[in-house]
Each structure stands twice: as structure tokens, then as C-alpha cells.
Amino acid sequence: NLSQRLKTVADFVPKNSRVADIGSDHAYLPVYLMKQNQIEFGIASEVAKGPLENAKQEILSEGLSDKIDTRLADGLLSINKEDNINCVTIAGMGGTLIRQILDNGKNHLNGNEVLVLQPNVGENRLRTWLMNNHYEIKDETILREDGHTYEIIVAEKVNHDVKYSEQELQFGPFLLKQHSEVFVEKWQNEINRIEMVIDQMNQAKKEKPIEKIKKMKDDINSIKEVL
Ligand code: SAM
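Residues numbered from 1 in each chain as written. Predicted model: local features only at pLDDT ≥ 70, side-chain atom pairs only at ≥ 80, totals over all residues.

1. Structural notes on the site of the ligand
Part 1 of the reasoning: The full set close to the ligand counts 17 residues, and G23, D25, V47, A91 and G92 are the nearest of them.
Part 2 of the reasoning: Sorting the residues of the shell around the ligand by element identifies β2 (39–46), β4 (87–93) and α4 (95–104) as the ones contributing at least two each.
Part 3 of the reasoning: Broken down by class, the residue content of the shell around the ligand amounts to nine nonpolar, five polar and three charged. (Near = placed C-beta within 6 Å. Helix = DSSP H or I, 4+ residues; strand = E, 2+ residues; numbered from the N terminus. Nonpolar A, V, L, I, M, F, W, Y, C, P; charged D, E, K, R; others polar.)

2. Remarks on the environment of R125
Part 1 of the reasoning: Tracing the backbone through its elements, the reader meets R125 in helix α5 (residues 123–132).
Part 2 of the reasoning: Accessibility expressed as a C-beta count within 10 Å gives 17 for R125, which makes it partly exposed.
Part 3 of the reasoning: Residues R125 and G95, spaced 30 residues apart in sequence, show a C-alpha to C-alpha distance of 6.6 Å.
Part 4 of the reasoning: In this structure R125 touches G95, T96 and R99, once residues within four positions along its chain are discounted. (Buried ≥ 20, exposed ≤ 12 C-beta atoms within 10 Å, placed from the backbone. Contact = placed C-beta atoms within 7 Å.)

3. Let's talk about the domain arrangement of the protein chain
Quite often, the size of an interface is put as the accessible area lost when its parts meet.
Part 1 of the reasoning: Domain assignment breaks the protein chain into domain 1 (4–169) and domain 2 (183–224).
Part 2 of the reasoning: Summarising the inter-unit geometry, the C-alpha centres of domain 1 and domain 2 are found 34 Å apart. (Domains from an automatic or database assignment.)

4. Here we look at the pairing of β4
Part 1 of the reasoning: Of all seven residues in β4, five are buried, a share of seventy percent or more.
Part 2 of the reasoning: Where strand β1 (residues 17–22) lies against β4, four bridges are found, and the strand directions are parallel. When the sheet's bridge partners are listed, I22 is paired in β4 with I90.
Part 3 of the reasoning: When β4 meets strand β5 (residues 114–119), the two strands line up parallel, connected through six bridges. Bridge assignment links I90 to a residue of β5, and that residue is L117.
Part 4 of the reasoning: Note on the crossover from β4 through α4 to β5: the handedness is right-handed. (Pairing = 2+ DSSP bridges. Right-handed = clockwise from strand over helix to strand, strands pointing away.)

5. Here's the deal with the sheet that holds β4
Part 1 of the reasoning: Taken together, seven strands build an open sheet; the order of strands is β3-β2-β1-β4-β5-β7-β6 and the sheet is mixed. Of all the strands in the sheet, just β3 (68–72) and β6 (135–145) have a single pairing partner and so form its edges. With strand direction ignored, the average angle separating the axes of adjacent strands in the sheet is 15 degrees.
Part 2 of the reasoning: With respect to the sheet, helix α3 (residues 49–61) is in contact with β2 and β3, its orientation differing from that of β3 by roughly 170 degrees. (Axes fitted to C-alpha atoms, helices over the stretch in contact; angles between N-to-C directions.)

6. Structural notes on the packing of helix α8 (residues 181–203) against helix α9 (residues 210–224)
Pairs of packed helices are described in terms of their axes, by the angle between the two and the distance that separates them.
Part 1 of the reasoning: Between α8 and α9, whose axes approach to 10 Å, the crossing angle comes to 160 degrees. Taken together, the axes of α8 and α9 lie roughly antiparallel to each other. As for the relative orientation of α8 and α9, their crossing is left-handed in sense. When α8 is examined against α9, the residues W187, E190, I191, I194, E195, V197, I198 and M201 are found in contact with a partner set consisting of I213, M216, D219, I220 and I223.
Part 2 of the reasoning: Among the residues making up the contact of α8 with α9, the classes are represented as ten nonpolar, no polar and three charged. (Parallel < 35°, antiparallel > 145°, perpendicular 65-115°, else oblique. Left-handed = near helix turned anticlockwise from the far one by under 90°.)

7. Quick word on α3
For an α-helix the count is 3.6 residues per turn, leaving residues at separations of three or four pointing the same way.
Part 1 of the reasoning: Taking 1.5 Å as the rise per residue, α3 with 13 residues should run 18 Å; its terminal C-alpha atoms sit 18 Å apart, in good agreement.
Part 2 of the reasoning: Along α3, the residues classified as buried are L52, A55, E58 and I59. Buried positions in α3, seen along its axis, are confined to an arc of 125 degrees and lie on one side of it. Turned more than 90 degrees away from the buried face of α3 sit K49, G50, L60 and S61, all of them exposed.
Part 3 of the reasoning: Its buried side turned inward, α3 meets α2 (28–35), β2 and β3.
Part 4 of the reasoning: Looking one or two residues beyond α3, the residue adopting positive phi is G63, at roughly 65 degrees. (Expected span 1.5 Å × (residues − 1). Arc of directions from axis to C-beta.)

Pasting the structure below:
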């Protein structure tokens, strides 16, 4: 049974596409997509041998070995021109790692791929990379599952400049507009977390880090602006 998180990632994969799932581990995502008849071809790509074995097993046991390839490679280096990939999914990692994977493998993208990205943290840095590399954010969503909050970012390359404000980079241009319950909850929790840290700092007997506390209060205010 696929997690709600991966099901939601799957929702953003275009119908009949050819997908490369980078960091696929058990290949649950491409297997699900193929069983739904949502994709024509899939690559389950892994940098580590253990997870690649998991992927092979899963694909084999679902009888999909002729439709989903497994590849051992670092990030996007598993994608070749002949694969005609038009959708890349990268899920379940930190935003910094996703950013690194995209940056290291830029040459393996043809610019026509839809990127469906699900960073666990570090969304801000990932959006900044997209902006700086002519990727426009086409859609976003946020969901909560098992006590975790996940953001999903869909982006496509465009041939004009892309510019997002600091606020859009931090909160997500679409998520800001959607202003969903999960979004408000996520950022209210973040305010609570920062306030607790400030309280602890104020209670400490030693000299208080005034600058740090001021910075954290600014952070709280910029969150309050969007709630
Ligand atoms: N994508 C699946 C999901 O969302 O449930 C699995 C996520 S798992 C936490 C992250 C996987 O990414 C690991 O199996 C790890 O080996 C793989 N990974 C990390 N860095 C990678 C890279 N540079 N290239 C390919 N895979 C990578």
C-alpha cells in the first residue's frame, strides 16, 4: 500500500510519460505508476546497491521488468538521451540533496522534463535553485502524513527569467495562495518551535544572545505575515 506522500507525488506525473525516479529505493513509485497505466516507461535509479536490489525485487515480483529499468548511478547520470524521459521524480530526500542532484546532472536533462520534487526539508534552497536555473514552479501541494509535513513542487524549464520573492521562496508561490489548513499548521508549529527556543535562551543564566533572539523574532514576524 503506497504512502499518501508518494501517491500525491504520482498525481503530478503527466499521463503516458516516461519517468526517471531518482533515489527510487523500493521502486514503489514507478511500479505504482505503471500499474495505474499512467506511464509508458520507467527508470528506477539508485546510487546505492542495497536499495537498487530492493527495486529489482519489487519490479520483478510485479512482473514489470520489461517496462521499468533499474540503473545504478549517481543522480541524473542514469538518464540517457535514448530514454526520452519527460518526467523526473525525486522524492523523500532533503532539499539540499535534491538541489545537488539537479545541479550535478544538469547536462543529462534536455529541458523538456517535468520535475516532480518532494523535499523533506530545505524547500527554500530548492526553490532558489529552480529560480536560478530557469525553472518555473507550475504547481505545489502540501500534505500531512504520520506526523510529518511534506511539500511537493512541480517545475518546468522556461526560456525567460524566473523571479520569486523571498516570501515565495520560503513558503512556496502556490502554497501561499492555497493557504491550506496543513500549510497554516506547519507554519504555526514553526512559530511555536522558535518561541520555545527563545524562551529557553531567555531563561539561560549566562549572557543572552541578543542578536540571535532578534533574528528569531524577525523570523516569527515574517511567518505571521503569511498566516
Ligand atoms: N524516493 C523514495 C521515497 O520517496 O520513498 C525513497 C527515498 S529514500 C529515503 C532516499 C534514497 O535516495 C535512498 O535509497 C538513497 O540511496 C537514494 N539516493 C541518495 N542520493 C542519491 C543520488 N545522488 N543518486 C541516486 N540516489 C540517491
